[in-house]
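# Observations on the model geometry
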Amino acid sequence: MNKFGQLARIILLSMSLVLPLQLLNAQIPVEKGKERMKWWTEARFGMFIHWGVYAQFAGVYKGHEQARGGTEWIMNRCKIPVAEYQAAAKKFNPVHYNPDEWVRMAKEAGMKYLIITAKHHDGFALFRTAASKWNVVDASPYGRDLLKPLAEACRKYGIKLGFYYSQAQDWNNPGGSAARKLMREGWPNPDSARIDAYTLTHKGHWDPAQETVSFDEYINKVSVPQVKELLSNYGDIAILWWDTPTNMTDEAALKLQEQLKLQPHIITNDRLKRPNFPGDTKTPEQKIPDFSELDGKYWETCMTMNGTWGYRTSDNNWKSSETLIQNLIDIASKGGNYLLNIGPKPDGTFPKESIDRLKAIGDWMKVNGEAIYATKASPLAPLNWGRCTMKETGNNTILYLSVFDWPSDGKLVVPKLRNKVLSAMLLANGQIIKAGNKGDTVSIALPLEAPDKVATVVKLELKGHVEAVKHGLPAKMMKSGALD
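One structure accompanies this document, and this report is about it. (Residues numbered from 1 in each chain as written. Predicted model: local features only at pLDDT ≥ 70, side-chain atom pairs only at ≥ 80, totals over all residues. Heavy atoms only, no water.)

### With respect to the overall build of the protein
When helices and strands are counted, the protein shows 13 helices and 17 strands. In terms of overall dimensions, the protein is globule-like: its C-alpha atoms have a radius of gyration of 25 Å, near the 23 Å expected for 484 residues. Seen through its principal axes, the protein has C-alpha atoms that stretch 75 × 70 × 45 Å. Counting only residues that meet the buried cut, the protein has 55% of its 484 residues in that class. (Helix = DSSP H or I, 4+ residues; strand = E, 2+ residues; numbered from the N terminus. Rg over C-alpha atoms; globule rule 2.2 N^0.38 Å. Buried < 20%, exposed > 50% of the residue type's maximum accessible area, 1.4 Å probe, protein only.)

Okay, here's the thing in structure tokens:
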């Protein structure tokens, strides 16, 4: 190899090192350490809100129920033309929107933070933005920023505010990406074969209006400026919840990551661009991980109350309040957070079913919240009668035993627990109960009737630190849900 060949090789090698170094730096949080995550790990419970123009369709297009997926995907799955979808925004007028009431309900349910879809994949911004006319102020008769009063309400009630932002997928602003979905997932369009062929050759796009500029132009002119607006105009922002990395590049992710410096304490998830931008939290979707998937990283299960994220008139498959409460306990027992979704109606109100469930959860949390907030994962082996959370107090340990299946004989046995029992009581009514050590187990005498049919919590104080049981399960990767 001559001198020129050697020089070219050195230049190429140095260039190949630049981007990985940038990516390494991009992963370093603006503020290091566990202190930044402290409030989040103590909160355990938050509200997710999916709301936008898609709420007006409520899962129906041309008289047909959307065949598959959440209603927030109706534009893509039903292949609604850009002009037609944008015309629908002229009827989006949520006159009954009351952000104070929304946040008050979250507070009373025991939630500590709230994340709203500032912009979902349809590209419709719920805020005033100079980067695109496709926003609630310029494109709807409502004509006002929806996030400003929500931010004020969050400050009033002491709720942390976060924004969901679709950084790559955008089906209305030209240049945004589109995950390809087959026409059969929308409605029985007689032209389905042609449309499917078109989306195959156009990277998921179905309307020429979506491709008039490049993806890089979209990132530079819409995505980056809007993230900057969100992090500049609404006070303290606790969380930026990216979604999804469809067709994302490392270069684009770096530009978006740079904006996070505007909020030094901000927490982000793992959906900006994988694998080089892991963020702070993992995001299992619609499922609770089992013990084999836990790897010591921060994680948050996001989940719907019924079957869809956005509002859908036909979806009456509501989870019971009991299921939602027990989900929260299960997640806390594994050291995770629960982000529970509401899909508001087009007029700005919550469905009654959601309101009823929020109240039921709140009633349970008012009595038992100490078994959830600021707790650590259970140190015990899986329990067949319920779940356990833990707090360490000085040299001693408190175990909160949430009993789902009340023993008919009034005897609760906690296996493989040698620590000396100091006290035991029921959170539901403050009743002191008997508990004692028997070999390597703890036996607790319970009343014959459960004070709380959903989950009665036994507060068990033990001497010393409880050594965590090794589960011995084969390690699996935590699933993060759909990455459309």
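### Regarding the sheet that holds strand S5 (residues 160–165)
One open sheet accounts for 8 strands, arranged S7-S6-S5-S4-S1-S10-S9-S8; its pairing is parallel. Edge positions in the sheet fall to strand S7 (267–268) and strand S8 (281–282), since each of these pairs with one other strand and no more. Here S8 runs beside strand S9 (residues 298–303); their pairing, made up of 2 bridges, is parallel. By the bridge assignment, Lys282 is partnered in S9 with Trp299. (Pairing = 2+ DSSP bridges.)

### Description of empty space enclosed by the protein
The full count for this structure, using the stated rule, is 1 cavity of 30 Å³ or more. Empty space within the largest cavity amounts to approximately 90 Å³. In this structure, the largest cavity is lined by 14 residues; those nearest its centre are Asn306, Thr308, Gly310, Trp318 and Gly343. Here the lining of the largest cavity is built from residues that sort into 6 nonpolar, 7 polar and 1 charged. (1 Å grid on protein atoms, 1.4 Å probe; cavity = no way out; pocket = protein on both sides within 12 Å on 5 of 7 lines; lining within 4 Å. Points joined across faces, edges and corners; volume = space filled by probe spheres on them. Nonpolar A, V, L, I, M, F, W, Y, C, P; charged D, E, K, R; others polar.)

### Quick word on the pairing of strand S12 (residues 396–403)
Extensive coverage of S12 is indicated by the burial of 8 of its 8 residues. Taking every second residue as pointing to the same face, both faces of S12 are buried, with Asn396, Ile398, Tyr400 and Ser402 on one and Thr397, Leu399, Leu401 and Val403 on the other. In the sheet, S12 pairs with strand S17 (residues 456–462) via 7 bridges, with the strands oriented antiparallel. Residue pairing in the sheet places Ser402 in a bridge with Val457 of S17.

### Let's talk about the side chain of Thr397
Within the secondary structure, Thr397 is located in strand S12. On the basis of relative accessible area, Thr397 is assigned to the buried category, the value being 0%. Within polar-contact distance, the side chain of Thr397 engages the backbone oxygen of Gly464 at 2.7 Å. Once residues lying within four places of it in the same chain are set aside, the contact partners of Thr397 are Met390, Lys391, Glu392, Leu460, Glu461, Leu462, Gly464, His465 and Val466. (Polar contact = N/O pair within 3.5 Å; in protein donor to acceptor, adjacent residues only side chain to side chain. Contact = heavy atoms within 4.5 Å.)

### Describing the packing of helix H6 (residues 99–108) against helix H8 (residues 147–157)
Helix packing geometry: the angle between the two helix axes and the distance between the axes. Across the interface, H6 lies against H8 with an axial gap of 8 Å and an inter-helix angle of 40°. Considered as vectors, H6 and H8 are oriented oblique to each other. The interaxial crossing formed by H6 with H8 has right-handed handedness. For the pair H6 and H8, the contacting residues are Pro99, Asp100, Trp102, Val103, Arg104 and Lys107 in the first and Pro149, Leu150, Ala153, Cys154, Lys156 and Tyr157 in the second. In terms of residue class, the contact of H6 with H8 is built from 8 nonpolar, no polar and 4 charged. (Axes fitted to C-alpha atoms, helices over the stretch in contact; angles between N-to-C directions. Parallel < 35°, antiparallel > 145°, perpendicular 65-115°, else oblique. Left-handed = near helix turned anticlockwise from the far one by under 90°.)

### Re the pattern of salt bridges
Applying the stated criterion across every chain, the model contains 25 salt bridges. With a shortest N-O distance of 2.8 Å, Arg36 and Asp280 are connected by a salt bridge. Residue Arg36 is found in the loop between helix H1 (3–27) and helix H2 (38–43), and its partner Asp280 is found in the loop between S7 and S8; the two are separated by 244 residues along the sequence. Relative accessible area serves as the criterion here: at 6%, Arg36 is assigned to the buried category. The buried category is assigned to Asp280, whose relative accessible area is 19%. (Salt bridge = Lys/Arg side-chain N within 4 Å of Asp/Glu carboxyl O.)

### Overview of the sheet that holds strand S14 (residues 421–426)
Within a beta sheet, neighbouring strands are joined by backbone hydrogen bonds and run either parallel or antiparallel to one another. Within the open sheet, the 4 strands sit side by side as S11-S12-S17-S14. Their pairing is antiparallel. Looking at the sheet topology across the chains shown, the edges are occupied by strand S11 (386–393) and S14. Between one strand and the next, the sheet's axes are offset by a mean angle of 20°, whatever the strand orientation. Here helix H12 (residues 321–333) sits on the sheet and contacts S11 and S12; the angle it forms with S11, its principal contact strand, is near 50°.

### Quick notes on the packing of H12 against helix H13 (residues 352–368)
Where H12 contacts H13, the axes come no closer than 9 Å and their chain directions differ by 50°. Our classification of the angle between H12 and H13 gives oblique. Every pair of crossing elements has a handedness; the one defined by H12 and H13 is right-handed. Counted together, Ser321, Leu324, Ile325, Leu328 and Ile329 of H12 and Arg357, Ala360, Ile361, Trp364 and Met365 of H13 form the full contact between these two elements.

### What about the environment of Arg387?
By secondary structure assignment, the location of Arg387 is in strand S11. Between the alpha carbons of Arg387 and Ser333 there is a distance of 6.2 Å; along the sequence they are 54 residues apart. Setting aside residues no more than four positions away along its own chain, Arg387 makes contact with Ile329, Asp330, Ser333, Tyr400, Leu401, Ser402 and Phe404.

### Brief notes about the state of the cysteines
A full pass over the atoms with the stated rule returns 0 disulfides. With no disulfide of its own, Cys154 has Cys302 as its nearest cysteine by sulfur position, at a separation of 19 Å. (Disulfide = S-S within 2.5 Å.)

### Topic: the packing of aromatic side chains
Summed over all chains, the structure comprises 22 aromatic pairs. Measuring from centroid to centroid gives 5.1 Å for Trp51 and Trp102, while their planes differ by 65°, and the two rings are edge-to-face. Placement of Trp51 in the loop between strand S1 (45–49) and helix H3 (54–57) and of Trp102 in helix H6 is noted, with a sequence separation of 51 residues between them. A single burial state applies to Trp51 and to Trp102, both of which are buried. Taking the centre distance of 5.8 Å and the plane angle of 85° together, the rings of Phe92 and Phe124 count as edge-to-face. Here Phe92, found in the loop between helix H5 (82–88) and H6, pairs with Phe124, found in the loop between strand S4 (113–119) and helix H7 (136–139); they are 32 residues apart in sequence, far enough to count as distant. (Phe/Tyr/Trp six-rings, centres within 6.5 Å; stacked < 30°, edge-to-face > 60°.)

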